[in-house]
Amino acid sequence: MKQYDHTKIEKKWQKQWAKKKLYKTVEQKSVDTAKDKKCYVLDMFPYPSGEGLHVGHPKGYIATDVYSRFKRMQGFNVLHPMGFDAFGLPAENYAIKNKIHPSVAVQKNIKRYKEQLEIIGFDYDWSREVDTTDSEYYRWTQWIFLQLFKKGLAYESNEPINWCPSCKTGLANEDLEDGKCERCGSVVEKKPIRQWVLRITDYADRLLKDIDGLNWPESIKESQRNWIGRSEGSEISFTVEFENGGKPGSIPVFTTRADTLFGATALVLSPEHLWVTLATDENHKGVLKNSEEVRQYVALSKKKTEIERTDTGKEKTGVKLEGVWAVNPATKEKIPMYVADYVLPDYGTGAVMMVPAHDERDFQFAKKYGVPVKDVVRPVHGEIHDNEEVRKTISAVVQRKSDGKFLFVKWKEFGWVAPVIGGMDSDTPEQAAEREVFEETGYKTKAIRRLGSETEHHFYADNKKVWRARFDQPVYLELIDETAHLRTKEEEDRLELLWLSYEEALKQITHADNKIGLNRFVKDTTVVTDFGVLIDSGKFSGLISEEAKKKITEFVGGKMVVKYKLRDWVFSRQRYWGEPIPLIHCERCGVVAVPEKDLPVKLPDVKSYEPTGTGESPLAAISKWVNTKCPQCKGKAKRETNTMPQWAGSSWYYLRYMDPKNKKEVVDPKKEKQWSPVDLYVGGTEHATRHLIYARFWHKFLYDIGVVSTTEPFMQLKNQGLIMGEDGRKMSKRFGNVVNPDDVIATYGADTFRVYEMFMGPFEQGIAWSTQNMIGSRRFIERVWKLVTTSIDANLSRQKNGDSANLEVLFNKTVKKVGEDIQDFGFNTAISSLMILLNAMEKVLVSKEQVGVLLQLLAPFAPHMTEELWSALGNKNSIHIAPWPAFDSTKLVEEKVTVIVQINGKVRGQIVVVKDANEDVVKKEAQENAEVAKWLWGQQIKKIIYVPGRVVNIVI
RNA sequence: GCUCGGGUGGCGGAAUUGGUAUACGCGCCAGACUUAAAAUCUGUUGGCCGCAAGGCCGUGUGGGUUCGAUUCCCACCCCGAGCACCA
């Protein structure tokens, strides 16, 4: 028996495979027939850092490798390529820090990554490798940009954008994390600089809608939906009038709650709102009486960082605009105007109507600044039924001063705990509340105030057996004295008095609806943000919110609109290491596209590439490169000096793999049709709202201009869970817990490494590395080695007790399960069933065929050792192109099955019966079983349930 | 706060349409081999009570549906992720 020498075996086969071009993908002649047997398996290509790979990085690559090998064995024409993404900030910052030119550093890092990947034994077709920094690649990145430019989807802008003071460049919204630069953690500023922006918002609707059809993890889909942030609402104009007699103007607001328009008691503008800017400038003195105060407030809020500005916990601030007012278009009432920085400038119209009664933020502001609160929606709880008995009630909130507890009653007959609730006659809610509290509890009280508006409840009154509608007004009352007066005997028998703290009350109150008044009092808020029925809203009173939105919008001449949170993609970086934006600024013709024949616009090779920090790219200083001729008028012109963001190259790389050497176009349409779309895409969750949105956007654009044939690039997406360090923390140099795959592979072998990473746990779940646990995988590999080599040595006639024929069912089951598990990424259970099979095989005499099947099933996971043993078995061709084993679906169940016998659902015994045993026979046998009979002794059997082949349950 | 995931032995984790909970692996314990150790092999291993036979309890908590619930329904608690003053 040969010793298992992983290093020798792995080197040998990696060399062989490369030599024989085993994994080279070829296009098939006929697109139509090729299409249904193709499989495009894609990894998110790495961004090669100077650190090299740690053991966590290859997890996804191993998974796609297993999957693609499996698919190849199933006869699919597999495309499984790999490449490198290397433009952008991280590479440039690394280069600056280490004083190596980025182009040199990147090539060095790529080389190191490739070496590390190669020893793991992947089946990549390296002849298709792409490198986003190669000018032959970025020629096409630039080409796509030009198409966007030509379609008007790339535009120049000077709006304030996110600026990272440390990286010295503008950033897209997607590049921020909690208002900080995602790369370096610096707090970003708002800075107006000239920049190129892509109109991704034009695609917002399609990007959102098409999410539904994707076979992606729910969490990623949800992240994208959140990020796009669609909301339907109304745009409504408010007339503005001037105290000094100026000409009235109007300001549009965006709202999703037009149904609350009658409750709009102020108009609020963001500090950046154009109207505010105009009203406070030199030319419009006299419009605002407090112009200076407003100007100062605006200046102050512009100084705040994004984080300070959008901190939800912070108290709201603002300034009233004196000397002007707005007119509520529904009520025609004059309402005050404020400027406040809780209103964001770049969402909706930058102005909102303030409805304190039905919006949490407005309520906070209104309370502080004394804006009136007007309730216009009555919340509805429960569902409306026909023939309801209607009651108008009050519910009383009574607090005792001495210990702060609240008064409740317990209904002795039903066990209900509730506040005092009583019917209203012709009196006011206050009078009714005082009367009811006294009658039911004997306490004298004084009503202080109503707690918000009425609430509406629909419920089934159990005690009276009727459906009931209740309109309830919560009222707060003060105790006149803390001693209760005598109650009638009748009341004493009916109701028990309880004094409860707020927390106790929340727990004990038996009907959730009865907590409303108490909550309004304790939390000191009467805000109702739910939909309901309109009240106090003129002719719209009585309508439900959903209906009223549209009708009120129409009534005031507004329109229904859709808004998105998604912002256009800030696409230029004031940095060196990126694709030059292929545009030319001509003194006469303006912005002109570089002619396609002149692409690529190569990044000039320079010594000094540090960012300038002025808002200009370092390229601007290279006059030889910058100064050029206008392609149209041949006059003096300058090149655009901004470069593209890191995400440009990765937004379309999956297309280039289909046709990596094409000099004439992005991709040959025939090849595109054969391979598109990507069938399976694997990578980390960190790309949820950047790469995966950008790539979808570009893909849809390319679809629109006829470059690609599908509307979505990636049909199925899987996220690998993170591998943490042995200490449970994220693997990082800082923690000293990084495990290097090269070391692991040198000691234990690539096959062990691969099997372990797939066996660790569910693929999509994060998990800590454990070298100890990995040894279990090594043992498994060694046991397979031993089983196969001893079988070969003994000429496949090892004598053991038993007979390999007994394994037939297990083999069929395992073949089925391993195939299914790989198909849906259940690698851990696939390996577990292979272990079960091995355990069984070790105990009996196995045939050459069976040994072969074991190796084939294991081949995608452990490609080297299975190849070695496969060839030792006498096979001439590679195991990796051998057809995947088939199973016999008639032989998935043993001839004899164990049926458990339960009595009243508890397992009391088991019987062995033939597979298709007659139900009555099984039931009879079950009762005769000695263990079971014991429990049945002297009992009356009520019922027997039989689940074929599984369980007999006897009910006694 | 909203949304999406997820809570199962000492640990990683398995469990078809509701049908023997803890497969497989790690660790632990015991045994074999060895002068010894490592490696390997064999066996045990959810908790409680019991000498034992055996019994009871057990999938975050509390209810419910069912002959039977890790699985379905309701309420709640905890952990992870995304979004968050988006009107």
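What comes next is a walk through the structure. Since the model is a prediction, treat every value here as computed from it, not as a measurement.

## Observations regarding the overall build of chain A
On a plain count of helices and strands, chain A comes out with 30 helices and 41 strands. Burial analysis of chain A (956 residues in total) assigns 54% to the buried set. Long-range contacts, defined as pairs at least 24 residues apart, comprise 74% of the intrachain contacts of chain A with a sequence gap of at least 6. Split by element, the accessible area of chain A, about 43600 Å² in all, is 51% carbon and sulfur. For chain A, the centre of its 140 positive side-chain charges and the centre of its 132 negative side-chain charges are spaced 6 Å apart.

## Overview of helix 13 (residues 429–441)
Residues separated by three or four positions in an α-helix point in the same direction, a consequence of the helix having 3.6 residues per turn. An ideal rise of 1.5 Å per residue puts 18 Å on 13 residues; helix 13 measures up with 18 Å between its terminal C-alpha atoms. Within the sequence span of helix 13, burial applies to Pro429, Ala432, Ala433, Glu436, Val437, Glu440 and Thr441. Along the axis of helix 13, the buried positions cluster into a sector of 125 degrees, meaning they face one direction only. Gly442 sits one or two residues past helix 13 and shows a positive phi near 85 degrees.

## What about the protein's contact with RNA strand B?
Close contacts around RNA strand B come from 52 residues, with Thr256, Arg361, Gln772, Arg950 and Asn953 the closest. The contact atoms of RNA strand B, taken as those within 4 Å of the protein, divide so that sugar and phosphate hold 63%. Backbone polar atom of Tyr342 to a sugar or linking oxygen of RNA strand B: 3.1 Å apart, as the coordinates give it. Within the surface near RNA strand B, the residues separate by chemical class into 20 nonpolar, 18 polar and 14 charged.

## With respect to the sheet that holds strand 31 (residues 590–593)
Ordered by their spatial adjacency, four strands build an open sheet running 31-30-33-32, and the pairing between neighbours is antiparallel. Both outer strands of the open sheet, strand 31 and strand 32 (627–629), are each paired with one neighbouring strand and no more. Strand-to-strand, the axes of this sheet are offset by a mean angle of 40 degrees, without reference to chain direction. Pairing between strand 32 and strand 33 (residues 636–639): three bridges, direction antiparallel. Paired with Lys629 across the bridge in strand 33 is Lys636. Contacts between helix 6 (residues 135–150) and the sheet are confined to strand 30 (583–586) and strand 31, with strand 31 contributing the most and set at about 130 degrees to the helix.

## Quick look at helix 17 (residues 545–555)
Every buried residue of helix 17 is accounted for by Ser545, Ala548, Lys549, Ile552 and Thr553. Along the axis of helix 17, the buried residues cluster in a sector spanning 125 degrees; they form a single face. What points out from helix 17, more than 90 degrees from its buried face, is the exposed set Lys550 and Glu554. Those residues of helix 17 that are buried lie in contact with strand 10 (230–242), strand 18 (377–381), strand 27 (532–534) and strand 28 (559–564). Taken from the residues just after helix 17, Gly557 is the one with a positive phi, measuring 75 degrees.

## A short note on the packing of helix 24 (residues 771–793) against helix 28 (residues 863–872)
Helix 28 packs onto helix 24 with a crossing angle of 5 degrees between their chain directions and a minimal axis gap of 11 Å. With respect to helix 28, the element helix 24 is oriented roughly parallel. Between helix 24, through Ile781, Val784, Trp785, Val788, Thr789 and Ile792, and helix 28, the contact on the second element is made entirely by Met865, Glu868, Leu869 and Ala872. A per-class count over the contact of helix 24 with helix 28 returns eight nonpolar, one polar and one charged.

## Re the nonpolar core
Ranked by size, the top nonpolar core spans 174 residues in total, and within it Trp569, Trp698, Trp769 and Phe861 carry the most contacts. Residue contacts for Trp569: discarding those within four places in its chain leaves Ala172, Trp196, Val197, Leu198, Ile200, Pro645, Trp647, Ser651, Tyr694, Phe697 and Trp698. Judged by nonpolar contacts, the second largest core, of 49 residues, contains Phe242, Ala258, Leu321 and Val371.

## As for the state of the cysteines
In the structure shown here, the tally under the stated rule is zero disulfides. The thiol sulfur of Cys184 is not disulfide-bonded, and the nearest other cysteine sulfur, from Cys164, lies at 3.5 Å. In this structure Cys184 comes out as partly exposed when scored by relative accessible area, which is 35%.

## A few points about unusual backbone geometry
A cis amide bond, omega 0 degrees, links Leu599 with the succeeding residue Pro600. Here Ser676 and Pro677 are connected by a cis peptide whose omega angle stands at -10 degrees. Here Pro677 is to be found in the loop between helix 20 (669–675) and strand 34 (680–683). In this structure, Lys634 is a non-glycine residue whose phi angle is positive, near 65 degrees. Structurally, Lys634 is set in the loop between strand 32 and strand 33. Look at Lys634 and you get exposed, because its relative accessible area is 55%. A positive phi angle, close to 50 degrees, is found at Asn904, a residue other than glycine. For Asn904, the location among the structural elements is in the loop between strand 38 (896–903) and strand 39 (906–914). Owing to a relative accessible area of 45%, Asn904 belongs among the partly exposed residues under this scheme.

Quick notes on the rules
The written sequence of each chain sets the order in which its residues are numbered from 1. Going through the entries in the order they are written, you letter the chains from A and number the ligands from 1. Note on the predicted model: pLDDT of at least 70 is required for a residue's local features to be given, and 80 or more for side-chain atom pairs to be given and counted; whole-chain, interface and lining totals, by contrast, use all residues. In computing side-chain properties, one takes all heavy atoms of the structure into account and sets aside hydrogens as well as water. Working definition: helices are DSSP H or I runs of at least four residues, strands are E runs of at least two. Numbering for both runs from the N terminus. When a residue's accessible area, from a 1.4 Å probe over protein chains only, is under 20% of the maximum for its type it is buried; when over 50% it is exposed; and in between it is partly exposed. Contact between two residues is taken to exist if any of their heavy atoms lie within 4.5 Å; hydrogens are not considered. Where accessible areas are quoted, they stem from the Shrake-Rupley method and a 1.4 Å probe; at the residue level, only the protein chains shown are allowed to cover. Counting rule applied: Lys, Arg positive; Asp, Glu negative; His and chain ends not counted. Note that the charge is assigned to NZ on lysines, CZ on arginines, CG on aspartates and CD on glutamates. Here a helix's expected span is defined as the number of its residues, less one, multiplied by 1.5 Å. Here, the arc refers to the directions that run from the helix axis to the C-beta atoms. Proximity is defined per residue: if any heavy atom of the residue lies within 4 Å of a molecule or strand, that residue is considered near it. Pairs of N or O atoms within 3.5 Å make up the polar contacts considered here, provided that, within protein, one atom can donate a hydrogen while the other can accept it, and that residues adjacent in sequence are counted only when both atoms are side-chain atoms. Gly counts as polar in this scheme, as do all residues outside two lists: the nonpolar Ala, Val, Leu, Ile, Met, Phe, Trp, Tyr, Cys and Pro, and the charged Asp, Glu, Lys and Arg. Pairing between strands is defined by DSSP: at least two bridges between them are needed. Helix axes are fitted only over the stretch in contact, all axes being lines through C-alpha atoms; the angle between N-to-C directions runs from 0 to 180 degrees. Every angle not falling under 35 degrees, over 145, or within 65 to 115 is termed oblique; those three ranges are roughly parallel, roughly antiparallel and roughly perpendicular. In this description, a nonpolar core means a group of buried Ala, Val, Leu, Ile, Met, Phe, Trp, Tyr and Cys residues linked to one another through side-chain atoms lying within 4.5 Å. In this description, a disulfide is simply a cysteine sulfur pair whose atoms lie within 2.5 Å.

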